[in-house]
Amino acid sequence: MKNRPSERQVVGTVREVVVTEVADTARRRGVNGTSMSSTCSESFSRHLKLSALLAAIIVSCGSAVVRPAPRNVAPAPAASQTANPVPVPLVDLTVSEDPIADRWLVAYHFAHPVMGVSFERGHDNHLRSKSWAAVADCGKRAVSWRVVRGHEAVFASGQEPFQDLVLSFPTDASLGQSGYLLNASFSDGGRLFLTGDFAVTLLTCPHANSSVAVPCNPALVSSPSALSVSDMRWTFRTSKERHILVFESRAKGELVWTPTTGSPSQGTYAYFGDIEPRDTALGRTILDPGLPAWMLASVVTYVPRMLEWFAKDTGVLLSVKPLVFVTYDARGPGLSEQGSGLPGVVQLAVSGDGWAKNDDAARVAWLGFLGHELFHIWNSDMAGPGDPWLMEGSSDWFETRALLELGVIDRARWQREVIKASNACMMMLGRHALLGFPNGPEYPCGATLLAWADGIAQGHGKTVGSVLGAVFAQAQQRPDHRYGTKDFLDALAKVDPDPKRLEPFERVLRSGVTEHADELYQRELSRPDFAVTLGPVTDADVDHEKAYKQVGVELARCDCNHRINLWSRDTGTDFGDSPECSVLKNVRVVAVEGHPIPKDALAAYRAILERRADKPIALTLDGNKPLALTCRKDADMPPFQRLLR
Ligand SMILES: [Zn+2]
């Protein structure tokens, strides 16, 4: 991927891995690391299905369904002619949708034989090998799924290379580990298809040209330099009357696309279905016809206003006309949302019965979600990638600022949201430095640092939007469009050159705040028109669910050596069997210092914060068993006692 950790990958050393799971209506912006295991019978029936599929692919092999037609390719010149050779893509891909079976065939034709291909996205998580069938050269060459240099790969089983490969799989609208949906489903049967999941590295045998047969070991294969977008040509096919759309192009039955910019592993979403695109001066939308009417209306009203305001506040004008896809599924409880951004494309999926209500919670969640994802056009698309805290933090900051600016929330509510983010940041980060801390704090901590920076900028008649705008504009001049922490701090120093103003940023980002974090956060956030006080957790502006998760994290930080493996459930917090923990192994904690969780999570969290360092924590386990938890000597307890309100 173009490494846009916006919704996905976290860069840096893993100091602490937190696996949490809540029966929730929560946003799924992060990468969920759970993997499914299957029983023997499931895998046997899958095997039977795959066998049937392989047979079907082999039978249809050679037909127009599988092999790309040589469209748009001029005939090769005769051997005697010396005309310029016609460029033929290194990889010719044909994606065929079967809308009735809700399945896909992806056929690769390689200009030169390969021993295998490894997939650039998704690493070695076996998402493909679990349910995808693969056939090479119409079944004449046996291939199998392997892991090559940490990536899923299809590799020749024998010594012979192959030139055609067909993959077959059902529509999959679950969130993969690459953080993007392979497919998204519209309620009228329309589908999105992510091309980036099919970017491959070609694997060849180092001795392929030698006349001596040398065993070709997957571990020893060589891969030519990475493919560029112009090395690939895509042909999308579906039933005769169904539409296919890629960016501005739309056609019935078949569409050929040769990308000219971006990277193959980033790719884009192709849309298969008959929803008419809605065009405005600022962008194009394809909206699920099942969306509740108020959500449809609010997209039409607010998306142009948000885009306009983001451009105005950052001073960076839109260089692309974004294409926004929104899918909807009324099933499931609450308000669920998942979104991602690719160059020029924003993909939003919402599900749950809560959206139909059109109440305050649904409205703020929906418009905030739109604001967050649309701002990724600025911080990840026109400029980017940037450091995760800058990308997610600025999307979170502009999400709430847009809600205030467009009159969706009032100033008091906006201040509460800013304070909530600061509290969440303090809790999640603990004593750690933000740079390199994985899984989550980049959202609230990024928004918090930008709130501090906004205070500085406002003191000089500017906004933090203009500081970010300067960073984005500078990044756009660079070949790779990248920007980072130093660029931001340099831009802020131009607004206020006093080095004392930058010191707290350096501390949070690079060394970690080890004491009196509450006082630091209060001081940096307070402004004449923005009062912030400190108080006990139970009186602070804290999200109950976040505080509950944090109870488990604090217990693990007390007992476990850095690695944390826990699930925050409706019935208590479950700790897995981690060798890094001494007491919290295979147990369910249902109360802390007499406060039941999750019901009284705030009181439980307060008890942890305010306890004496030398006193064990009194826990109640499932079945009413008591447990006195003495913290490790080097346990990192929270560097604060109070929270903001
Ligand atoms: Zn994001």
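Before reading on, note that the structure itself is shown above.
One structure accompanies this document, and this report is about it. (Residues numbered from 1 in each chain as written. Predicted model: local features only at pLDDT ≥ 70, side-chain atom pairs only at ≥ 80, totals over all residues. Heavy atoms only, no water.)

Glancing now at helix H8 (residues 464-476). In this model H8 runs 18 Å from its N-terminal to its C-terminal C-alpha over 13 residues, within 8% of the 18 Å that 1.5 Å per residue would give. Elements that come into contact with the buried residues of H8 comprise helix H3 (293-314), helix H4 (360-382), helix H5 (388-405), helix H7 (442-458) and helix H9 (485-495). (Helix = DSSP H or I, 4+ residues; strand = E, 2+ residues; numbered from the N terminus. Expected span 1.5 Å × (residues − 1). Contact = heavy atoms within 4.5 Å.)

Counting residues in hydrophobic clusters, the biggest one holds 123 residues, and the most contacted among them are Trp 366, Phe 488 and Leu 555. By residue number, the principal contributor to this core is H4, which donates 12 residues. With residues up to four places along the chain from it excluded, the contact list for Phe 488 reads Trp 389, Leu 390, Leu 450, Ala 453, Val 464, Val 467, Leu 468 and Val 471. Of all hydrophobic cores here, the second largest spans 43 residues; its members include Val 117, Val 148, Leu 202 and Met 232. (Core = buried A, V, L, I, M, F, W, Y, C linked by side-chain atoms within 4.5 Å. Buried < 20%, exposed > 50% of the residue type's maximum accessible area, 1.4 Å probe, protein only.)

On the secondary structure map, Gly 332 appears in the loop between strand E18 (323-329) and strand E19 (336-342). Overall, Gly 332 belongs to the partly exposed group, its relative accessible area being 39%. Spatially, the C-alpha atoms of Gly 332 and Gly 352 are 4.5 Å apart, while their sequence positions differ by 20 residues. Here Gly 332 is in contact with Gly 352 and Asp 353, once residues within four sequence places are set aside.

A covalent bond bridging the sulfur atoms of two cysteines is what the word disulfide describes. Across all of its chains, the model carries 3 disulfides by this definition. The partner cysteine of Cys 425 in its disulfide is Cys 445, sulfur to sulfur 2.1 Å. Handedness of the Cys 425-Cys 445 disulfide follows from its S-S torsion of about 105°: it is right-handed. Here Cys 425, found in helix H6 (residues 411-429), pairs with Cys 445, found in helix H7; they are 20 residues apart in sequence, far enough to count as distant. Across a sulfur-sulfur distance of 2.1 Å, Cys 558 and Cys 631 are joined as a disulfide pair. The disulfide joining Cys 558 to Cys 631 has a torsion of about -105° about its S-S bond and is therefore left-handed. Of this pair, Cys 558 sits in helix H12 (residues 544-559) while Cys 631 sits in the loop between strand E27 (626-629) and strand E28 (643-644), and the two are 73 residues apart along the sequence. Here the two residues Cys 558 and Cys 631 agree in accessibility, since each one is buried. (Disulfide = S-S within 2.5 Å.)

So, about the sheet that holds strand E16 (residues 278-279). Judged by pairing direction, the sheet is mixed, and its 5 strands sit side by side in the order E16-E17-E18-E20-E19 without closing on themselves. Either end of the sheet is taken by a strand with one partner, and the two such strands are E16 and E19. With 7 bridges connecting them, E19 and strand E20 (residues 345-351) associate as antiparallel partners. Bridge pairing in E20 places Gly 341 opposite Val 346. Contacting E18, E19 and E20, H4 crosses the sheet at an angle of about 155° to E20. (Pairing = 2+ DSSP bridges. Axes fitted to C-alpha atoms, helices over the stretch in contact; angles between N-to-C directions.)

Our focus in this paragraph is the packing of aromatic side chains. Within a pair of aromatic rings, the relevant descriptors are the distance that separates the centres and the angle that separates the planes. Throughout the structure, instances matching the rule amount to 34 aromatic pairs. Arranged with centres 5.2 Å apart and planes meeting at 70°, the rings of Phe 186 and Tyr 271 form a pair that is edge-to-face. Of this pair, Phe 186 sits in the loop between strand E8 (183-185) and strand E9 (191-194) while Tyr 271 is found in strand E15 (residues 269-272), placing the two residues 85 residues apart along the sequence. The exposure classification of Phe 186 matches that of Tyr 271, with both residues buried. With 6.2 Å between their ring centres and 50° between their planes, Phe 375 and Phe 472 make a pair best called tilted. You can see Phe 375 sitting in helix H4 and its partner Phe 472 sitting in helix H8, a full 97 residues away along the chain. Looking at Phe 375, the relative accessible area reads 0%, which means it is buried. The ring of Trp 414 is capped by Arg 401, whose NZ or CZ atom sits 5.7 Å from the centre of that ring. (Phe/Tyr/Trp six-rings, centres within 6.5 Å; stacked < 30°, edge-to-face > 60°. Lys NZ or Arg CZ within 6 Å of the ring centre and 35° of its normal.)

Here Ser 394 lies in helix H5. Side-chain polar atoms of Ser 394 contact the backbone oxygen of Met 391, separated by 3.2 Å. Aside from chain neighbours lying at most four places away, what touches Ser 394 is Phe 375, Asn 379, Trp 389, Leu 450 and Leu 468. (Polar contact = N/O pair within 3.5 Å; in protein donor to acceptor, adjacent residues only side chain to side chain.)

Read across the open sheet, the 6 strands follow the order E4-E7-E2-E1-E11-E14; overall the sheet is mixed. Each end of this open sheet is capped by a strand with a single partner; those strands are strand E4 (133-136) and strand E14 (254-257). The mean angle between the axes of side-by-side strands here comes to 15°, regardless of whether they run parallel or antiparallel. The pairing of E4 with strand E7 (residues 162-170) spans 4 bridges and is antiparallel. Bridged to Ala 136 within E7 is Leu 165.

So, on to the environment of Ala 493. Looking at where Ala 493 falls in the secondary structure, it is placed in helix H9. In this structure the C-alpha to C-alpha distance between Ala 493 and Val 467, which are 26 residues apart in sequence, comes to 9.7 Å.

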